[in-house]
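Residues per chain, in single letters:
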Amino acid sequence: MHTTVRQDGPWPLPDGLAEAIRGTAEEIAALVRGASDTALAVPGSKWTVGEAAAHLAIANELMADLAAGRERPYGDGTPQSLAEANAQSLAVFAERRAEPLATMIEEQAEAFLDAVSRSAAPGPEPATPLGTMNRSVLASYLLTHMLGHGYDLARALKRPHMVDRARVGLCMPFMLSVMSRVADPSATAGLAARYRIRLRGGETFGVALADGAVQVTPGAMRHRADCTILLDPVAFLLIALGRLNPWRAIAQGQILAWGPRPWLAPRFPTLFIAP
């Protein structure tokens, strides 16, 4: 678990989160600046490098506005509505050049941190595309979003990605807060199961499913789990964001499962829809 400290202003952020946001934005900006052609396709995506970078620039600005208390409607949280909002925003925002996009990604990440530092705690919780959340969880959301698309850009440009164990730990407040929201009703219907998820060297949490409801509990579970899944933290985040095939992770030894119903393990990733 990460301790909570105060930054330059009254709103507390988990220790290391501001630095991770700033560092990730800088690493992504360096990737974009190093792109010889922003029209290069991103593997597994319909976007080009320029479009992915533009999306990050737009999203970082959106997050900065939310942190500052401005209302910015952006879909209703469903994957379809978010995809439509993304398409509309990219149609309006035509910039695809590397340098302006890299600069905007960095500047808007910094604007976000500045807005958080100026926000009173407690205060009204921003209404995000995935529901209301306090600014600490919103910061975790921003980091998670940047890491997902930063990973895509790194793959497209054949460069090392920036997803690591420490940053995954800082993504967990957001991941746990939205897991029940992004559950797939058709996949969870009729399933009664208790999962314990353990990240190597990091978070442990429980996910209980019954009658279509999904309950996520940070920390140790009170009841015995039907299936315990031990995952590499980086693999967990990439699977959750739809960037890594779970079967590939299993084949590489990044996932182990045991318990009274270990056969439930392969089903777990299918219970959620990456936003």
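Described below are features of the structure shown in this document. (Residues numbered from 1 in each chain as written. Predicted model: local features only at pLDDT ≥ 70, side-chain atom pairs only at ≥ 80, totals over all residues. Heavy atoms only, no water.)

### Side note on the overall build of the protein chain
Now for step 1: Along the backbone of the protein chain there are 9 helices and 9 strands.
Now for step 2: Scaling as 2.2 N^0.38, a compact globule of 275 residues should have a C-alpha radius of gyration of about 19 Å, and the protein chain matches this with 19 Å.
Now for step 3: If you line up the protein chain on its principal axes, its C-alpha atoms span 55 × 45 × 30 Å.
Now for step 4: Contacts in the protein chain between residues far apart in sequence, at least 24 positions, make up 74% of those at least 6 positions apart.
Now for step 5: A total of about 13,000 Å² of accessible surface is found on the protein chain, and carbon and sulfur atoms cover 53% of it.
Now for step 6: The distance from the centre of the 26 positive side-chain charges to the centre of the 26 negative ones in the protein chain is 8 Å. (Helix = DSSP H or I, 4+ residues; strand = E, 2+ residues; numbered from the N terminus. Rg over C-alpha atoms; globule rule 2.2 N^0.38 Å. Contact = heavy atoms within 4.5 Å. Areas by Shrake-Rupley, 256 points an atom, 1.4 Å probe, with all protein chains shown as cover. Lys, Arg positive; Asp, Glu negative; His and termini not counted. Charge placed at Lys NZ, Arg CZ, Asp CG, Glu CD.)

### Considerations on the pairing of strand S5 (residues 193–199)
Now for step 1: The alternating pattern of S5 places Ala193, Tyr195, Ile197 and Leu199 on a buried face, while none of Arg194, Arg196 and Arg198, on the opposite face, is buried.
Now for step 2: Where S5 lies against strand S6 (residues 204–210), 6 bridges are found, and the strand directions are antiparallel. Of the residues in S6, the one forming a bridge with Arg196 is Gly206.
Now for step 3: Linking S5 back to S6 in an antiparallel pair, the connection comprises 4 residues, with Gly201 at a positive phi of about 75°.
Now for step 4: Sheet topology note: the S5/strand S8 (residues 227–231) ladder contains 5 bridges and is parallel. In the strand pairing of S8, Tyr195 is matched with Cys227. (Buried < 20%, exposed > 50% of the residue type's maximum accessible area, 1.4 Å probe, protein only. Pairing = 2+ DSSP bridges.)

### A look at the sheet that holds strand S9 (residues 255–258)
Now for step 1: Spatial ordering of the open sheet is given by S7-S6-S5-S8-S9, a layout of 5 strands whose pairing is mixed. In the strand order of this sheet, the two ends are held by strand S7 (213–218) and S9, each with one partner. Strand-to-strand twist of the sheet, defined as the mean angle between neighbouring strand axes without regard to direction, takes the value 20°.
Now for step 2: Of the pairings in the sheet, the one linking S6 to S7 comprises 6 bridges and is antiparallel in character. Opposite Ala210, over in S7, you have Ala213 as the bridge partner. (Axes fitted to C-alpha atoms, helices over the stretch in contact; angles between N-to-C directions.)

### Points about the packing of helix H2 (residues 49–67) against helix H5 (residues 135–156)
Now for step 1: Between H2 and H5, the least distance of the axes is 10 Å, while the angle of their chain directions is 175°. Overall, the two elements H2 and H5 adopt an arrangement that is roughly antiparallel. Along its contact with H2, which presents Val49, Ala52, His55, Leu56, Ala59, Asn60, Met63, Leu66 and Ala67, the element H5 presents Arg135, Leu138, Tyr141, Leu142, His145, Met146, His149, Leu153 and Ala156.
Now for step 2: Its residues placed into classes, the contact of H2 with H5 shows 13 nonpolar, 4 polar and 1 charged. (Parallel < 35°, antiparallel > 145°, perpendicular 65-115°, else oblique. Nonpolar A, V, L, I, M, F, W, Y, C, P; charged D, E, K, R; others polar.)

### Let's talk about H5
Now for step 1: The end-to-end C-alpha distance of H5, which contains 22 residues, comes to 31 Å, matching closely the 32 Å that a straight helix rising 1.5 Å per residue would cover.
Now for step 2: For H5, a buried count of 21 out of 22 residues is recorded, marking the element as mostly surrounded by other parts of the structure.
Now for step 3: Regarding H5, its N-cap is Asn134, as a side-chain oxygen of that residue lies 3.0 Å from the backbone nitrogen of Ser136 further along. (Expected span 1.5 Å × (residues − 1). Polar contact = N/O pair within 3.5 Å; in protein donor to acceptor, adjacent residues only side chain to side chain.)

### Some details on the layout of surface pockets
Now for step 1: Estimated volume of the largest pocket: approximately 860 Å³.
Now for step 2: Of all the elements in the fold, those that place two or more residues in the lining of the largest pocket are H2, helix H3 (79–92) and H5.
Now for step 3: Per-element tally for the lining of the largest pocket: the top contributor is H5, with 8 residues.
Now for step 4: Class assignment for the residues of the lining of the largest pocket results in 20 nonpolar, 9 polar and 4 charged. (1 Å grid on protein atoms, 1.4 Å probe; cavity = no way out; pocket = protein on both sides within 12 Å on 5 of 7 lines; lining within 4 Å. Points joined across faces, edges and corners; volume = space filled by probe spheres on them.)

### Notes on the environment of Leu230
Now for step 1: Looking at where Leu230 falls in the secondary structure, it is placed in strand S8.
Now for step 2: The class for Leu230 is buried, based on a relative accessible area of 13%.
Now for step 3: A sequence separation of 24 residues divides Leu230 from Gln254, and the C-alpha atoms of the two residues are 8.1 Å apart.

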